[in-house]
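Observations on the model geometry
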Amino acid sequence: MNADKSAQSSVEITANLPLSRACENNKQPILEVLQKELQDTQQVLEIGSGTGQHSVYFAPNLAHLQWQTSDVRANHWAINAWHAAHPASNLQGPLAFDLASDAFPNSPIDTIAYDAVFTANTLHIISWALVEQLFRLVGESLATDGKLIVYGPYNEAGYYTSVGNQHFDAMLRQGNADSGIRDKEKVVALAIMHGLKLQTSYQMPANNQLLVFQKQ
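Now for a description of the structure that goes with this document. Here the residue numbers are simple positions, counted from 1 along each chain's written sequence. For a predicted model such as this one, the threshold for reporting local features is a pLDDT of at least 70, and the threshold for listing and counting side-chain atom pairs is 80 or more; totals across whole chains, interfaces and linings nevertheless cover every residue. Water and hydrogen atoms play no part in the side-chain values, which are based on all heavy atoms of the structure.

Describing the layout of surface pockets
Going by this rule: Every definition here rests on a 1 Å grid over the protein atoms only: cavities are sets of points where a 1.4 Å probe fits but cannot get out, pockets are open sets enclosed by protein on both sides within 12 Å along at least five of seven lines, and lining residues have some atom within 4 Å of a point. Grid points are joined across faces, edges and corners, and a volume is the space filled by probe spheres set on the points. Helix numbering and strand numbering both begin at the N terminus, where a helix is a DSSP run of H or I of at least 4 residues and a strand a DSSP run of E of at least 2. Each residue is assigned to one of three groups, with Ala, Val, Leu, Ile, Met, Phe, Trp, Tyr, Cys and Pro labelled nonpolar, Asp, Glu, Lys and Arg labelled charged, and all others, Gly among them, labelled polar.
Estimates place the volume of the largest pocket at around 760 Å³. Every residue lining the largest pocket is counted, 30 residues in all, and those nearest its centre are Gly48, Gly50, Asp71, Asn75 and Asn121. Elements that contribute at least two residues to the lining of the largest pocket include exactly strand S2 (17–20), helix H2 (21–37), strand S3 (43–47), helix H3 (53–61), strand S4 (66–71) and helix H4 (76–85). Here the lining of the largest pocket is built from residues that sort into 14 nonpolar, 13 polar and three charged.

Section: the pattern of salt bridges
Side-chain pairing between opposite charges can occur once the charged atoms of the two side chains come close. Rules: Salt bridge criterion: a side-chain nitrogen from Lys or Arg within 4 Å of a carboxyl oxygen from Asp or Glu. Throughout, exposure labels follow a simple rule: accessible area from a 1.4 Å probe, protein chains only, divided by the maximum for the residue type, with under 20% read as buried, over 50% as exposed, and the rest as partly exposed.
If you walk through the whole model with that rule in mind, you get five salt bridges. With a closest N to O distance of 2.7 Å, Lys147 and Glu37 form a salt bridge. Of this pair, Lys147 sits in strand S7 (residues 147–152) while Glu37 sits in helix H2, and the two are 110 residues apart along the sequence. The two residues Lys147 and Glu37 agree in class, both being buried.

Considerations on the side chain of His83
Tracing the chain through its elements places His83 in helix H4. For His83, a relative accessible area of 10% gives the class buried.

A word on the packing of helix H5 (residues 128–141) against helix H7 (residues 184–193)
Spelled out, the test is: Note on geometry: axes are lines fitted to C-alpha atoms, helical ones only across the stretch in contact, with angles between N-to-C directions running from 0 to 180 degrees. Here is the rule for angles: anything less than 35 degrees is roughly parallel, anything more than 145 is roughly antiparallel, 65 through 115 is roughly perpendicular, and the remaining ranges are oblique. If you view the pair so one helix is near and one far, a crossing is left-handed when the near helix is turned anticlockwise from the far one by less than a right angle, and right-handed when it is turned clockwise. Contact between two residues is taken to exist if any of their heavy atoms lie within 4.5 Å; hydrogens are not considered.
Packing of H5 against H7 leaves a shortest axis separation of 9 Å and a crossing angle of 40 degrees. Accordingly, the angle class assigned to the pair H5 and H7 is oblique. Considering the relative orientation of H5 and H7, their crossing is right-handed. Contacts between H5 and H7 involve Trp128, Val131, Glu132 and Phe135 from the first element and Lys186, Val187, Leu190 and Ala191 from the second. In terms of residue class, the contact of H5 with H7 is made up of six nonpolar, no polar and two charged.

Dropping the structure here:
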């Protein structure tokens, strides 16, 4: 099983904090890309902040920008717990955002618009209909030249990129037939439909990729 993927489905409670091993494993490789891609960014909206671990690691290491978390309300307790344990002046508490029902969230900082959106390990968990909704909302709301950065596993040319990803995909679909690893080409085509062009694709550890789209 892909080490990053097998870990993400289980969340431990450590020192009264929910702990995703996947987040711990991938946070530094992701940060290294974000430090390059977000040099000129003022405010990032993170969609699907999960436990909140990524946000408390990224924000202090990207001190020039504001990091805004968001997720469904059921996950806010975890995000708030991590924020309380690891506060940062540029780290914002979670906004309620459910792709199934909510409009794109407004920035709580009136003087700064979102010029980047980040999401990790979401496209293969949510249904394809919600993937389409995510790209539609980002395409409508992100300013010209803004970036959408998406981390996770992808198929290439219709094929799994590893045996581990194949096993992980089968596990996902067994639990929820609407989930599953997405074809990279299909995601790129969807992005183009909503004015988002793929700029860079980074190969990441544990058979993941980080895709950087830019609003045209």
